Amino acid sequence: MNDFFQYEDISGYLDFINDQIFAGRPLNEQVAELQYLYLEEEQPWVVAFSGGKDSTAILTLMFFALLGLSPEQRKHKVYVVFCDTLAEVPTYLSKTLRTLKAVQRTATLLDLPIETKIIKPKTQDTFWARLLGRGYPAPNLRLNRWCTEKIKLNPFKHFAQMQFTGDESPIVMIGSRSAESVNRQAIIEKYHSGESYFDDTDPSYRRYAPIKDWGVNEVWHILGQRIAPGQYEDMEPWESPWGTSNIGLVELYDSTNSTSGECPLVETASSPGCGKSRFGCWTCTVVTKDKAIDGLIANGETWLEPLAKFRNFLHSTTEPSVKKLYRQDRRRDGKVSVKHGLQEEKEVEFIQGPYFLHLRKEWLAHLLNMEKDLNLAGHEASLITEDELHEIRYQWRNDPLTPDWADELPAIYASVYGENKITFPKDDVSNFGELEASIIDQLALQHDASPDLVRKLIELEVSLSGLGKRQGLFKRIDRILAQDWGSVDHAKSKRENEKAIHFALTQDLTDIDAELDGISAMLNKEF
């Protein structure tokens, strides 16, 4: 059994810690385990903080452990890391940011080696940069769940790479619990069921799940739900070790009318989507229904209704029956592609490409109008950042299928917010605009050519102008010419013929294999 250190800073919590049993283990034993690991391991620590009940519980444990250690023993830095996806539910985000400020203020006051960190995805990887900028289809659970890696996993990996040296592999404290769901239980059993304290399957860091065996009532217990006034002299009901009340957290959970847990640090790209748990991105289309935001609306936060409706609309665009209404026939590589795995010649199914650019422009205008209306109504909400707008503009100007020579994003923004709120620098890469695009359209029609192909070739020439060496020019031209320009029907017919030929060749190979098997059987009988 590990020693439970009880430096004087922890005195106000000792009665509570010594009196509780969680998941069949005394709480003081669990705090002692954390103290032992903190002292034993020569590594920095990270508390994966989402702002929900489970991550608040593990942060409470870490506070207890550090308060019990003397200042001399508090030798390792503890980073409390929150990933702001830039698509958080505004109500939830504001509460979490207030909590982080309180944690840092109290840690500094008590001389605890805690530093709060807010990490974000790279601008080119955000939800809107991908969906509105590149035209990526809204993520869904069946296929194409690109969001988890881009806006959850990668920001933390980038933080770990930048913050720690090669020999400083951090210990990441996560709030995952087996009782959250069947999926979560499977992940716990896979990564955290051995004799080791840690899951070390990732070479960049080790994970530690101290409350993996706790039930939901035990989580609420440590947050103060069952502490009657006066029962513990120095610990008021619902008070956190960093001096704020957990009542607001309880009210936030009550308002969602949901029964599952919130999203801790995502462990794998296949972890359950945040939308069906307590809180996640308000844009989450991985789930059919977002119970969290719907619960907030049902409990009076009606100002969130526009966000919920827009999310529901984006989710509807993922339905197979309507994909052709929203998405191009060609993919971003310029090809009309056939779904893999189809064996029968007549069962040719095509893969839709990115969202149409004109729809993305409409959706951006809608998003900006929502943001403006919410703030005019007194709700502090940032639905898209200035950096994202610049990134989206860049992606539109350089779209591989339909480049926006009209450069409409600044005008779209100005139509909502007026001029001069954001400065959009003049595009000095190309002097081509809407007039040149219309001339190309006319000439292409006269000469039976693809206007998009002409525009792509002109863009290639402009991008290489002024260079002394234009190495690889012909290969790049070949790649452009190899794309499916012209009639989509012609491209589809070409794919169908290719599929038919592939099917016929497959059948021939099958027949040849059968004949060879027959010959082999005859030879075996003869000899």
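Residues take numbers from 1 onward in each chain, read along the sequence in its written order. Totals for whole chains, interfaces and linings use every residue, but because this is a predicted model, local features are given only for residues with pLDDT of at least 70 and side-chain atom pairs only at 80 or more, for both listing and counting. Values shown for side chains rest on all heavy atoms present in the structure; no hydrogens or waters enter the calculation.

A. Just the overall build of the protein chain, in detail. A count of helices and strands for the protein chain gives 19 helices and nine strands. Out of the 527 residues belonging to the protein chain, those deemed buried represent 52%. By definition, residues are in contact when any of their heavy atoms lie within 4.5 Å. Contacts in the protein chain between residues at least 24 apart in sequence constitute 72% of all its contacts with a sequence separation of at least 6. Carbon and sulfur atoms provide 50% of the accessible area of the protein chain, an area that totals close to 26,400 Å². Helix numbering and strand numbering both begin at the N terminus, where a helix is a DSSP run of H or I of at least 4 residues and a strand a DSSP run of E of at least 2. For every residue, the accessible area obtained with a 1.4 Å probe (protein chains only) is divided by the maximum for its type, and the residue is called buried under 20%, exposed over 50%, and partly exposed between those limits. In short, Shrake-Rupley with a 1.4 Å probe defines the accessible areas, and a residue's cover is counted only from the protein chains shown.

B. Broad picture of the packing of helix α11 (residues 305–316) against helix α13 (residues 357–376). Their axes nearest at 11 Å, the elements α11 and α13 cross at an angle of 165°. In terms of their interaxial angle, α11 and α13 are classed as roughly antiparallel. When the axes of α11 and α13 are compared, the crossing they make is left-handed. For the pair α11 and α13, the contacting residues are Pro-306, Leu-307, Phe-310, Phe-313 and Leu-314 in the first and Trp-363, His-366, Leu-367, Met-370 and Leu-374 in the second. Each residue gets one of three labels, nonpolar for Ala, Val, Leu, Ile, Met, Phe, Trp, Tyr, Cys and Pro, charged for Asp, Glu, Lys and Arg, and polar for the others, Gly among them. Residue composition of the contact of α11 with α13, by class: nine nonpolar, one polar and no charged. Only the contacting stretch of a helix is used when fitting its axis, a line to C-alpha atoms as for every element, and angles between N-to-C directions run 0 to 180 degrees. Should an angle lie under 35 degrees it is considered roughly parallel, over 145 roughly antiparallel, and from 65 to 115 roughly perpendicular; all remaining angles are considered oblique. By definition, any crossing whose near helix is turned counterclockwise from its far helix by less than a right angle is left-handed, and any crossing with a clockwise turn is right-handed.

C. Looking closely at the packing of helix α10 (residues 291–298) against α11. The contact between α10 and α11 brings their axes to 10 Å, and the two run at 150°. As summarised for this structure, α10 and α11 are arranged roughly antiparallel, according to the angle between their axes. Judged by the sense of rotation from one axis to the other, the crossing of α10 with α11 is left-handed. On α11, the residues that touch Ile-293, Asp-294 and Ile-297 of α10 are Glu-305, Leu-307 and Ala-308. Of the residues contributing to the contact of α10 with α11, the split by class is four nonpolar, no polar and two charged.

D. Seen up close, the nonpolar core. In terms of nonpolar packing, the biggest core is built from 52 residues, with Ile-17, Leu-27, Trp-45, Leu-61, Ile-114, Trp-214 and Ile-222 touching the most fellow members. Among the elements that take part in this core, helix α3 (residues 53–68) stands out by supplying 10 residues, more than any other. Setting aside residues up to four positions removed in sequence, Ile-17 forms contacts with Phe-4, Ile-10, Leu-27, Asn-28, Val-31 and Phe-64. We call a set of buried residues a nonpolar core when its members are Ala, Val, Leu, Ile, Met, Phe, Trp, Tyr or Cys and they connect through side-chain atoms within 4.5 Å of each other. In this structure, Tyr-92, Tyr-326, Leu-383 and Ile-412 belong to the second largest nonpolar core, which totals 50 residues.

E. Molecular detail of the packing of aromatic side chains. Stacked, tilted and edge-to-face pairs are distinguished by plane angle, under 30 degrees for stacked and over 60 for edge-to-face with tilted covering the rest, among Phe, Tyr and Trp rings (Trp via its six-membered ring) whose centres lie within 6.5 Å. Tallied over the entire structure, the rule returns 26 aromatic pairs. Between Phe-156 and Tyr-205, the aromatic rings sit 5.0 Å apart at their centres with planes inclined by 90°, giving edge-to-face as the arrangement. Of this pair, Phe-156 sits in helix α6 (residues 147–163) while Tyr-205 is found in the loop between α7 (182–191) and β7 (206–208), placing the two residues 49 residues apart along the sequence. For the pair formed by Phe-156 and Tyr-205, the shared burial category is buried. Aromatic pair Phe-198 and Tyr-208: ring centres 5.9 Å apart, planes at 65°, arrangement edge-to-face. Separated by 10 residues along the polypeptide, Phe-198 in the loop between α7 and β7 and Tyr-208 in strand β7 bring together distant segments of the chain. For the pair formed by Phe-198 and Tyr-208, the shared burial category is buried. In textbook terms, an aromatic cluster arises when at least three aromatic residues are bridged by ring pairs, as seen for Phe-127, Trp-128, Tyr-136, Trp-146, Trp-282, Phe-310, Phe-313, Tyr-326, Tyr-355 and Trp-363. As a reminder, the over-ring test applies to NZ of lysine and CZ of arginine, requiring each to be within 6 Å of the ring centre and within 35 degrees of the ring normal. Seen from the ring of Phe-198, Arg-206 lies directly overhead, with NZ or CZ sitting 4.6 Å from the centre.

F. Looking closely at the pairing of strand β4 (residues 78–83). The buried fraction of β4 amounts to six of the six residues, a majority that puts the element mostly inside the structure. Alternating positions in β4 separate into two faces, Val-78, Val-80 and Phe-82 on one and Tyr-79, Val-81 and Cys-83 on the other, with burial throughout. Strands are labelled as partners when DSSP assigns at least two bridges between them. The pairing of strand β3 (residues 45–48) with β4 spans four bridges and is parallel. Opposite Val-47, over in β4, you have Val-80 as the bridge partner. Seen with its strands pointing away from the viewer, a crossover is right-handed when the path leading from the first strand over the helix to the second is clockwise. Between the parallel pair β3 and β4, the chain is carried across by α3, and the sense of this crossover is right-handed. Here β4 pairs with strand β5 (residues 114–119) via six bridges, running parallel. Its bridge partner lying in β5, Tyr-79 is registered against Glu-115. A crossover connection joins β4 to the parallel β5 through helix α4 (residues 90–109); in handedness this β-α-β unit is right-handed.

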